[in-house]
Amino acid sequence: MTFYKFAVGAVLTAAMLTVLGFGALVFSARDFQYGVRQISDSTNGVISFARLAEAERRIDQIMEQSSSQRGEKVEIEKQLTELEGAARSADDSANQVRAVMVRGIAEIEQRATAQPGASAAADISAQGLTHRVNSLASRAGLAPDDQQSVANLRVQAQSLSEHDADGEERNGRRAALVTRQQLVQGQVAEVERRISALQEGVVSDNKFYEQVRGEAEALRTLSPLGLSAHLAQGHPALLSTLLVLLMGALGSLLYLFPAYLNRAQPVTMAEIAVRLIFGMCAALAVYVLANAAMSSFSFGAEDTEPGTSSQLNPFTVSMFGIVAGVLSEDIAKWIQDRGRGAFTPGGSFGGADGGGDSARIGSAVNPHGGPDTP
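Conventions used here
Residues numbered from 1 in each chain as written. Predicted model: local features only at pLDDT ≥ 70, side-chain atom pairs only at ≥ 80, totals over all residues. Heavy atoms only, no water. Helix = DSSP H or I, 4+ residues; strand = E, 2+ residues; numbered from the N terminus. Buried < 20%, exposed > 50% of the residue type's maximum accessible area, 1.4 Å probe, protein only. Contact = heavy atoms within 4.5 Å. Phe/Tyr/Trp six-rings, centres within 6.5 Å; stacked < 30°, edge-to-face > 60°. Lys NZ or Arg CZ within 6 Å of the ring centre and 35° of its normal. Axes fitted to C-alpha atoms, helices over the stretch in contact; angles between N-to-C directions. Parallel < 35°, antiparallel > 145°, perpendicular 65-115°, else oblique. Nonpolar A, V, L, I, M, F, W, Y, C, P; charged D, E, K, R; others polar. Salt bridge = Lys/Arg side-chain N within 4 Å of Asp/Glu carboxyl O. Lys, Arg positive; Asp, Glu negative; His and termini not counted. Core = buried A, V, L, I, M, F, W, Y, C linked by side-chain atoms within 4.5 Å. pLDDT = per-residue confidence, 0-100.

Caption draft 1: Structural detail: the overall build of the chain. The secondary structure content of the chain amounts to 12 helices and 0 strands. Helices and strands appear in the chain in the N-to-C order α-α-α-α-α-α-α-α-α-α-α-α. A total of 374 residues make up the chain; the buried ones form 33% of that total. Of all intrachain contacts in the chain linking residues separated by at least 6 positions in sequence, the fraction that spans at least 24 positions is 76%.

Dropping the structure here:
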C-alpha cells in the first residue's frame, strides 16, 4: 500500500466518523422533536429547554414553600376519614342497642298492659326511649324479671344519651375540620394553579408536561456536551434539511468505501471531496422533489395537517438522503432526463427518453463503487 492510498483511507475514515457523529446528533435532535410532536401536537415538536429548566426550578420552590399546606391537607383528610369511620361504627352500635331497647320496652309494656301513645311508641330517640323506660319504672306491680329488665333498659338509655352527646361533639369537630379543609384546599388549589401556569409556559396542554419533561431530560442527560438538546430547539425544517445533507454524505461514503477497497482505479482526494458534495446535493434535490410531489411523507402520522416540517419522520428523511447519496450519479441523470422531457417542446415526463435505461435508477450501480461499464 502506497502512502497516498493510506492517506486516502485515513481521510475516508475521518470523514465517516465526522459524518456519523454529526449525523447522530442531528438525528437524535430531530427524532426528539418528532416524538414530542406525537405526544403534544401543540408544541410542533419544539420546546425551550431553558424555559423548561426555569419552570422546574420555580416548581420546586413552590412545592417546598407549600409543603406545610399540602401536608396539612393530607392530615385533615386522614382525620376526617378516621372521624367518619368512628361515627359509623358508633352509630351501628347505637342502632343495635336502640333496636334491643325498643323490643324490650314493647314486651314489658305489653305484659304490664301499658298503652303508650302512638307518638311515644314511634319516638325511638334516646330522650323518647328514656321517657318510656322511666314511665315503666314508675309503674307499680311489675314482675321482678320486668323490674330487672327495666333497670337494664335504664343503663342502655344512659348509653344512648352518652352516644348522642359524643355524636354532637364529633359533629362539632367534623365541622371545624371541614372549615379548615376548605381553607387549606383553597391554598393548595392556588399552588396547583401557579404550577399549571408554569407548565403551560412549556407545553400549552399541561397534561402532557410530565411526558415531555421526561423526554427532554433523557435527551439532555445523554446529549454529548448538550449538543443534541441545543439542536432540538432549532426549527424542524432546518434540522430535516441538515439531516438530509448528512445522510447524503453518508450515502456517498457508503459508495466510496467499497470503491477504495475493491476498485482497480484508486480513489483520490479530489473524488472524495467531489463525491461528498455531489451526494449532499443529490440528497437535497430528492428531498425537495419529494416534498414538492407529496404534501407530506410523514409515515405513521395520524390526524395531522400535512405540509409541516415537524411531521417529517426522521427515518424516512434519512432513507431518502442515504439512497440519494449512494445513487447520486443515477439520480442526477434521472432528474436531467425528466427535466429535458418536461421542458423540451413536445417532451413529457413519460416520453421516450424517460422510458429508457436512464429511467431505471440504480440499474448501473456497481456495489463495489463506481458505475459498471457496458
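Read on, since the account is not over.
Caption draft 2: Seen up close, the environment of D164. By the secondary structure assignment, D164 is in helix 6 (residues 144-200). A relative accessible area of 31% means that D164 is categorised as partly exposed. Spatially, the C-alpha atoms of D164 and A90 are 9.8 Å apart, while their sequence positions differ by 74 residues.

Caption draft 3: Quick look at the packing of aromatic side chains. All chains considered together, the criterion is met by 2 aromatic pairs. Plain terms: the ring middles of F27 and F315 are 5.0 Å apart, the flat faces sit at 80° to each other, and that makes the pair edge-to-face. With F27 in helix 1 (residues 3-39) and F315 in helix 11 (residues 314-326), this residue pair connects regions lying 288 residues apart in the sequence. Aromatic pair F32 and F49: ring centres 5.7 Å apart, planes at 45°, arrangement tilted. With F32 in helix 1 and F49 in helix 2 (residues 49-65), this pair connects stretches of sequence that are 17 residues apart. Like F32, the residue F49 is buried in the burial classification. Directly above the aromatic system of Y260 lies the positively charged group of K5, at a separation of 5.5 Å from the ring centroid.

Caption draft 4: Expanded view of the packing of helix 2 against helix 6. Two elements in contact, helix 2 and helix 6, have axes whose closest approach is 10 Å; the angle formed by their N-to-C orientations is 175°. Between helix 2 and helix 6, the crossing angle belongs to the class labelled roughly antiparallel. Taken together, the residues of helix 6 that come into contact with helix 2 (itself represented by A55, R58, I59, I62, M63 and Q65) are V191, R194, I195, L198 and Q199. For the contact of helix 2 with helix 6, a count of residues per class yields 7 nonpolar, 2 polar and 2 charged.

Caption draft 5: Focus on the pattern of salt bridges. A full pass over the atoms with the stated rule returns 9 salt bridges. In this structure, the salt-bridge partner of E77 is K73, at a minimum N-O distance of 2.9 Å. With E77 and K73 both in helix 3 (residues 67-111), this residue pair falls 4 residues apart, about one helical turn. A relative accessible area of 23% places K73 in the partly exposed class. Residue R213 pairs with E210 through a salt bridge whose shortest N-O separation is 3.1 Å. Of this pair, R213 and E210 are both found in helix 7 (residues 209-222), 3 residues apart, which corresponds to roughly one turn of the helix.

Caption draft 6: Structural view of unusual backbone geometry. The phi torsion at L225 lies on the positive side, around 55°, for a residue other than glycine. Note on placement: L225 falls in the loop between helix 7 and helix 8 (227-231).

Caption draft 7: Local environment of the side chain of R170. Within the element layout of this structure, R170 appears in helix 6. Despite its burial, R170 pairs with no opposite charge, the nearest such side chain being D91 at 4.5 Å. Residues within four places of R170 in sequence aside, it is in contact with L83, A87, A90 and H163.

Caption draft 8: Quick peek at the nonpolar core. With 51 residues, the main nonpolar core has F32, I47, F49 and L253 as its most contacted residues. Broken down by element, the residue count for this core peaks at 12 residues, all from helix 9 (residues 236-262). If we ignore the near neighbours within four places in the chain, the residues touching L253 are L12, A15, M16, V19, P258 and L276. Counting 14 residues, the second largest nonpolar core, distinct from the first, contains M101, L142, A157 and L160.

Caption draft 9: Here's a closer look at the confidence of the model for the chain. In this model, the chain carries an average pLDDT of 80, and 82% of its residues clear a pLDDT of 70 or more. The weakest mean pLDDT in the chain belongs to helix 4 (residues 118-122) at 51; the strongest belongs to helix 2 at 91. The low-confidence segment residues 296-301, where pLDDT is below 50, has 20 contacts with residues more than four positions distant or belonging to other chains. Counting contacts from residues 348-368, a segment whose pLDDT is below 50, to residues more than four positions away or on other chains yields 36 contacts.

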